[in-house]
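So the chains spell out like this:
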Amino acid sequence: LSGPTAFGSVEPLPGRHQVVAARVAGRVTRAFKFAGETVAKGEAVLEMESRAIADPPVRITLESPLTGVVTVNSVDPGGPVEADQILMEMADLSAVRFRMDVFEVDFGQVAVGQKAIVALEAYPERSFEGMISRIGGAADRETRTVPVWITLDNADRSLLLNLRGRAQVATTALLLFSGPVIL
């Protein structure tokens, strides 16, 4: 590979990251799933009871909005909950993206559809091949970088969110001949 190199981190694909939030204030009475565990869409992940006065207290079961992995568990059983508080986060990690920030001087060498190789600090002996799937719409005024996203297959689920690394974009070399042309 001979193209630009930039640092970045692993992110979920758009639409493949969801949160579970409380609609009412209360307390968590039971957790069915914890960070790192797989979950199916519609599966119960938490049970809570409302602060509304009732005998017995109103119990609410919260379900996973997608099939994937619990990435964040923000509350423990017995913990208080406020309305609209995020309690859990889930992501479908079957495919992820790597966001890198390409410097403005290298940006002309980057295009959607190009191959890229990602090397992560967590796996120094491995590399992950992907394709540029999206390019940001503007350069950052302070860093003079443009966000670029590389989609990566993650069938073995080894790529976790927020892992850091660097990517190198493959570019096509063009040889220019400057000598005389003999016909």
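These numbers were taken from a predicted model, which means no experiment stands behind them. (Residues numbered from 1 in each chain as written. Predicted model: local features only at pLDDT ≥ 70, side-chain atom pairs only at ≥ 80, totals over all residues. Heavy atoms only, no water.)

## Quick notes on the pairing of strand 3 (residues 26-31)
Within a regular beta strand, the side chains point alternately toward one face of the sheet and then the other, so they alternate between its two faces. Note the cut-off: Strand pairing follows a simple DSSP-based rule, namely that at least 2 bridges must link the two strands. Each helix corresponds to a stretch of at least 4 residues labelled H or I by DSSP, and each strand to a stretch of at least 2 residues labelled E; elements are numbered beginning at the N terminus.
Across five bridges, the pairing between strand 3 and strand 5 (residues 44-50) is antiparallel. Across the sheet, the residue bridging to Arg30 is Glu47, located in strand 5. Note that strand 3 and strand 8 (residues 80-81) share two bridges and pair antiparallel. From the neighbouring strand, Arg27 faces strand 8, where its bridge partner is Pro80.

## What to know about the sheet that holds strand 9 (residues 86-91)
The strands making up a sheet associate through hydrogen bonds between their backbones, and the pairing can be parallel or antiparallel. Pairing in this open sheet of four strands is antiparallel, and the strands run 2-9-7-4 from one edge to the other. Edge positions in the sheet fall to strand 2 (17-21) and strand 4 (38-39), since each of these pairs with one other strand and no more. Bridge analysis of strand 2 against strand 9 gives five bridges, and the strand direction is antiparallel. Each residue of the ladder has a partner; that of Ala21, found in strand 9, is Ile86.

## Re the pattern of salt bridges
Rules: For this document, the term salt bridge refers to a Lys or Arg side-chain nitrogen within 4 Å of an Asp or Glu carboxyl oxygen. Each residue is assigned to one of three classes by its accessible area relative to the maximum for its type, calculated with a 1.4 Å probe on protein chains only: buried under 20%, partly exposed between the two thresholds, exposed over 50%.
Per the counting criterion, the structure on display carries 11 salt bridges. With its nearest N and O atoms 3.2 Å apart, the salt bridge here joins Arg97 to Glu11. You can see Arg97 sitting in strand 10 (residues 95-103) and its partner Glu11 sitting in strand 1 (residues 5-12), a full 86 residues away along the chain. There is no split in this pair, since Arg97 and Glu11 are both buried. Between Arg126 and Asp156 there is a salt bridge; the shortest N-O distance is 3.2 Å. Remark: Asp156 occurs in the loop between strand 13 (145-153) and strand 14 (164-169) and Arg126 occurs in the loop between strand 11 (115-120) and strand 12 (128-135); sequence separation between them is 30 residues.

## What to know about the nonpolar core
The cut-off we apply is this: Here, nonpolar core refers to any group of buried Ala, Val, Leu, Ile, Met, Phe, Trp, Tyr and Cys residues whose side-chain atoms link them within 4.5 Å. Here, residues are in contact when the closest pair of their heavy atoms is within 4.5 Å.
Core analysis: the largest hydrophobic core is formed by 23 residues, its most contacted members being Val10, Phe98, Met100, Val118, Leu120, Ile150 and Leu152. Ranked by residue count, the leading element in this core is strand 10, at four residues. Here Val118 is in contact with Phe98, Ser127, Phe128, Ile150, Leu152, Arg166 and Ala167, once residues within four sequence places are set aside. Ala31, Val45, Met88 and Met90 belong to the second largest nonpolar core, which has 16 residues in total.

## Details of the environment of Val28
Checked against the element boundaries, Val28 lands in strand 3. Overall, Val28 belongs to the buried group, its relative accessible area being 1%. Residues within four places of Val28 in sequence aside, it is in contact with Leu46, Glu47, Met48, Val75, Asp76, Pro77, Gly78, Gly79 and Val81.

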